[in-house]
Every structure is written in structure tokens, then in C-alpha cells.
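Coordinate inspection notes
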Amino acid sequence: MSWFGSEIDGPLVLTRAIHFAATATTAGALIFRGLVAEPALRGAASAAPLLDKQVRSVAWIGLAVTVVSGLTWVLLLTMSLSDEGLGEAVMSGALRDVLNLTQFGLVSQVRLALAITLAICLVLKCWALWRWLALAAAVGLVAAIAWTGHAASTPFTLGDLHLASDALHLVAASAWIGGLVPLVLLLGVTRCHRAWASLELDAVRRFSTLGVVSVAVLILSGFVNAWILVGSFRGLAVTFYGQLLMLKLAAFAAMLAFAASNRFVLTPRLALASDKARRDALRVISRNTLIEIVLGLSIFAMVGVLGTLHPAAHLVTETIKPEATHANQKTHSRSDREGRSLPDLMLLSNRCRGVKHIIPEETLPGAWLSSRSASAAA
């Protein structure tokens, strides 16, 4: 499928978007429980069982979708690299090679182990230790996505900075966007209970504080990521990657406007003595939060596309250096679009086709001889 001259793998993009949204929702729900709901419930203990059940339900659903979409992502990438159907890719050993010979496969296995750990912790919910271990597993599950994306193929010290920035970006996005779902559920529960008015006020204030911290981290880490992947205002303006990134920033700004309205205009009204004023403010906060969720889903969809595109900084460099051959451009485009660094792509493609003599690593271009390899991610 071609959008604006860029080849887009529709099934892969959709799978990635669903995976990111589900993972963020899972982590966001548990971050919300640990940092917002449980402290707020100290003043309304009677609401604790109901709210805990809702948060755990969100986490279970998100985790199930995360696992299914993650497995689908691995299969789609294997089929793309091997040019084989599902059955052939499994039987020929291509799936085994993806899992064992690429960083994407190894990280996917680690993330599956974290998902299993999280599921066990959600079952063993009685002890506080298991609840905090569940939170740690969920944060690890979402942060590890950084090692499957563009950041994992950035070389040397800059690569370490990129990985740290991307991991923080993912966790902050999960805390804010993923936490919106349990916040809506909490507001729905408290709307009909006047006795829980202090709970809703405390929860909204705590979530607003969490949101401020998350936004600050998103802005700083997003700047670092853009500096590495875009590199210049020219890259932002003339490439499809840059243009889609600007659209993502516009959606982020819209979310920020609704969040600011909730924090500075509507939240103070929850403390008013008038029950009608409180209900009206609560209704508008719930509506704005739902709009934020929709905008957040659109951002995940754009992230699903961005991770399959050639970074703008590379495209601008190729434009400036016309001596690059058409064959090299095509090879680089394919490797980025399918989410592999060049050594991984050549090695895996040959193994998947049964070639006995693998291209020696020393014959590959020096710029690609990094120990890191990337799958499609933002």
C-alpha cells in the first residue's frame, strides 16, 4: 500500500498500533492504581473493591490484547523477511531464526516473559508485594519496546541516549494516555455517590500531577528523539516522516489543551458545595477525558506508521548526497520499512531461503556493523 509515495505495510502498521495502545493501557492502568487510586482511596475505603476490580479488568484485557498482537507482530515480520506464507515461515525455520538470531526476537521473548510475570501477579493480588511487582513488570513490558525500534539501531553512545529517551517516552505516554481509561471508569463510579466526592477530587488532582510530570518527560524525550531521527527543520517539512510527526504533535497539543482545561478550570469546581456544579464539572471532565482517549488512539496509529518509515534524517542526507545509488536507497528503504538493520536483513533472508553460506559480517558496510538490530517501532 502506498501513501504519499511511501510504502506502508497495512497489516503490520495496524498490528503495531493495537499493540502499542494495549501495552500502554495495561501499564497505565497499573500506574494509575499505584500512584493515583490507592492513595486517593484512603479517604473512601468503601470504594476500593469496586475500583480495584475495574483496574484489574482493564489490565487483564490490555494484557490479553498485548500478547495476541505481539505474537501477530512477530509472525508478520517473519513472513515479510522470508517472503513465505504463515505455514511455510513456521515450518522452514524462519520463525525460529527471527526469535533466536535477531534482537527483535530476543526482546520479544523477554517481553513475553514479562507478560507472563504480570499475569501471575494479577492473579496473586492479595499481597502488596505482588501489586508492586505487577507494576514493575508492566513498566518493563512497555519500556522494552524501545529495544525493538529505531532507537535500537542507533550506534555508539548516541544509541544509549536514544534508547533511554525512547524508553522514558513510552513509559510517560503510558502513564498519561493509558491512565485515562481507569480515570474515566473512576469518574463514572463516583458520579452517583455524593459520599465519594472527596475521592473524585483527590483522584483528579493526583492524576493531574501525574499528567504534568508525564507531559514534561514526553516533551524532553520527544525532543531528543526528533533531534536524532529528524535532525533538521528541513527533514520535518519535506519528508513524509516529518509531516506525520507534525500531525502527531498537533494531536498531542490538542490533548494537552483538554488536559489543561480539566486541571485549571474544571477540577476546582469539584470542590464547590453545590451538588449541581459538581456534577456539571464531572460531566465535562469525563467528556474531555474521552476526547483525550480518542486523540491518544490516533497518536498510537501514527506511531504505528512512523516506526515502519525511513527516518527523516536519513532521507534528507540521501537527498543531499545524490551519489548514493538507486540500489542502495532501495536496500536501505526496505530494511527500515521491514524493521531490520542491514546485517540482520541479509543474514536472516539468506537463512530463511536455505542458503548455506551466510554473507560474512566483515563484508557488510561498516556503518551497519552495530550489535543492535531494530524491528519496526517508533
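In this report, we go over the structure that sits alongside the text. Quick caveat: nothing in here was measured; it's all calculated off a predicted structure.

1. Observations regarding a nonpolar patch on the surface
A cluster of nonpolar side chains, namely W60, L112, I116, I120, V123 and L124, defines an oily patch on the protein surface of about 520 Å² accessible area. Element by element, the count of residues in the nonpolar patch is highest for helix α5 (residues 103-123), at four residues. On the secondary structure map, L112 appears in helix α5.

2. Details of the side chain of S208
Positionally, S208 belongs in helix α9 (residues 197-229). You can call S208 buried: its relative accessible area is 13%. With near-sequence residues (within four places) excluded, S208 lies in contact with R263 and T267.

3. Some points on the pattern of salt bridges
According to the stated counting rule, one finds eight salt bridges in the structure shown. The partner of R131 in a salt bridge is E38, and the shortest N-O contact between them spans 2.5 Å. Separated by 93 residues along the polypeptide, R131 in helix α6 (residues 128-143) and E38 in helix α1 (residues 10-40) bring together distant segments of the chain. For E200, the salt bridge is made with R278, and the minimal N-O distance between the two is 2.5 Å.

4. A word on unusual backbone geometry
One non-glycine residue, D83, lies in the positive phi region at around 55 degrees. What makes D83 exposed here is its relative accessible area of 53%. For F156, which is not a glycine, the phi torsion comes out positive at approximately 60 degrees. Looking at F156, the relative accessible area reads 71%, which means it is exposed.

Scoring rules and cut-offs
Residues numbered from 1 in each chain as written. Predicted model: local features only at pLDDT ≥ 70, side-chain atom pairs only at ≥ 80, totals over all residues. Heavy atoms only, no water. Patch = residues over 30% accessible without salt bridge, like charges linked within 9 Å, V, L, I, M, F, W, Y side chains within 5 Å. Areas by Shrake-Rupley, 256 points an atom, 1.4 Å probe, with all protein chains shown as cover. Salt bridge = Lys/Arg side-chain N within 4 Å of Asp/Glu carboxyl O. Helix = DSSP H or I, 4+ residues; strand = E, 2+ residues; numbered from the N terminus. Buried < 20%, exposed > 50% of the residue type's maximum accessible area, 1.4 Å probe, protein only. Contact = heavy atoms within 4.5 Å.

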